[in-house]
Amino acid sequence: MPQMDRSNFLLMSEAMLESLAEQIEESLDEDVTVDYQDSMLTITHETEGAFVIHPHMPTHQIWMASPISGSTHFAFVPQSGRWRSIRPPHVYLRDQLAEELSRITNKLFIFEAI
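These lines cover the structure that appears in this document, whether it is placed above or below.

Calculation notes
Residues numbered from 1 in each chain as written. Predicted model: local features only at pLDDT ≥ 70, side-chain atom pairs only at ≥ 80, totals over all residues. Heavy atoms only, no water. Helix = DSSP H or I, 4+ residues; strand = E, 2+ residues; numbered from the N terminus. Buried < 20%, exposed > 50% of the residue type's maximum accessible area, 1.4 Å probe, protein only. Contact = heavy atoms within 4.5 Å. Areas by Shrake-Rupley, 256 points an atom, 1.4 Å probe, with all protein chains shown as cover. Lys, Arg positive; Asp, Glu negative; His and termini not counted. Charge placed at Lys NZ, Arg CZ, Asp CG, Glu CD. Core = buried A, V, L, I, M, F, W, Y, C linked by side-chain atoms within 4.5 Å. Expected span 1.5 Å × (residues − 1). Polar contact = N/O pair within 3.5 Å; in protein donor to acceptor, adjacent residues only side chain to side chain. Patch = residues over 30% accessible without salt bridge, like charges linked within 9 Å, V, L, I, M, F, W, Y side chains within 5 Å. Salt bridge = Lys/Arg side-chain N within 4 Å of Asp/Glu carboxyl O.

**Quick look at the overall build of the protein**
Looking only at helices and strands, one finds two helices and six strands in the protein. Starting at the N terminus, the α and β elements of the protein follow one another as α-β-β-β-β-β-β-α. Considered along the principal axes of its C-alpha atoms, the protein spans approximately 40 × 30 × 25 Å. Taking all 114 residues of the protein together, the buried fraction comes to 40%. When contacts within the protein are restricted to residue pairs at least 6 apart in sequence, long-range pairs at least 24 apart make up 39% of them. Surface accessibility of the protein: about 6500 Å² in total, with carbon and sulfur atoms responsible for 50%. Of the charged side chains in the protein, 7 are positive and 17 negative, and the gap between their average positions amounts to 12 Å.

Structural data, given as structure tokens:
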């Protein structure tokens, strides 16, 4: 799969991170804080730890560090319009984050597509 160019990667990754931040803030649990600045999204749960999600320019991927699953790297798949894990390839960014946030907050998270 050819890599997207730098400007498209920045637009696509920023749109994803902004969308995630907005949707989490709308569903915010009192134990969760959201900070989005300088292209880095940090979601902190007061007892479980922090998720850090950011674009990685050299690889044109979005990288996520999770207190639940560790590190995962996601590449954009044009056919589906979604960010999919490079390993394992059946995992998608929105789905993984929703599942993990649901687990630590005991509240159902479902992210709408952007």
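**Digging into the nonpolar core**
Ranked by internal contacts, the top residues of the largest apolar core, which has 25 residues, are Ile 43, Leu 97 and Leu 101. Of all the secondary structure elements, the ones that give two or more residues to this core are α1 (6–26), β1 (32–37), β2 (40–45), β3 (49–56), β4 (61–66), β5 (70–77) and α2 (93–105). The contact partners of Leu 101, leaving out residues within four places of it in the chain, are Ile 24, Ile 43, Phe 51, Lys 107, Phe 109 and Phe 111.

**Topic: α1**
Given a rise of 1.5 Å per residue, 21 residues ought to cover 30 Å, and the 30 Å separating the end C-alpha atoms of α1 matches this to within 8%. Within α1 the residues assigned to the buried category are Phe 9, Ser 13, Glu 14, Met 16, Leu 17, Ser 19, Leu 20, Ala 21, Gln 23 and Ile 24.

**What to know about the side chain of Thr 105**
Secondary-structure assignment places Thr 105 in helix α2. Judged by relative accessible area, Thr 105 falls into the buried class, the value being 11%. Side-chain polar atoms of Thr 105 contact the backbone oxygen of Leu 101, separated by 2.7 Å. Apart from residues lying up to four places away in sequence, Thr 105 is in contact with Asp 29, Val 32 and His 45.

**Overview of a negative patch on the surface**
Residues Glu 18, Glu 22, Glu 25, Glu 26, Asp 35 and Glu 112 make up a contiguous surface patch of negative charge. Along the chain, Glu 22 turns up in helix α1.

**Looking at unusual backbone geometry**
Across the junction of Arg 87 and Pro 88, the peptide omega takes the value -5 degrees, indicating a cis bond. Along the polypeptide, Pro 88 turns up in the loop between β6 (82–85) and α2. Phi at His 60 takes a positive value of approximately 55 degrees, unusual for a residue other than glycine. Within the secondary structure, His 60 is located in the loop between β3 and β4.

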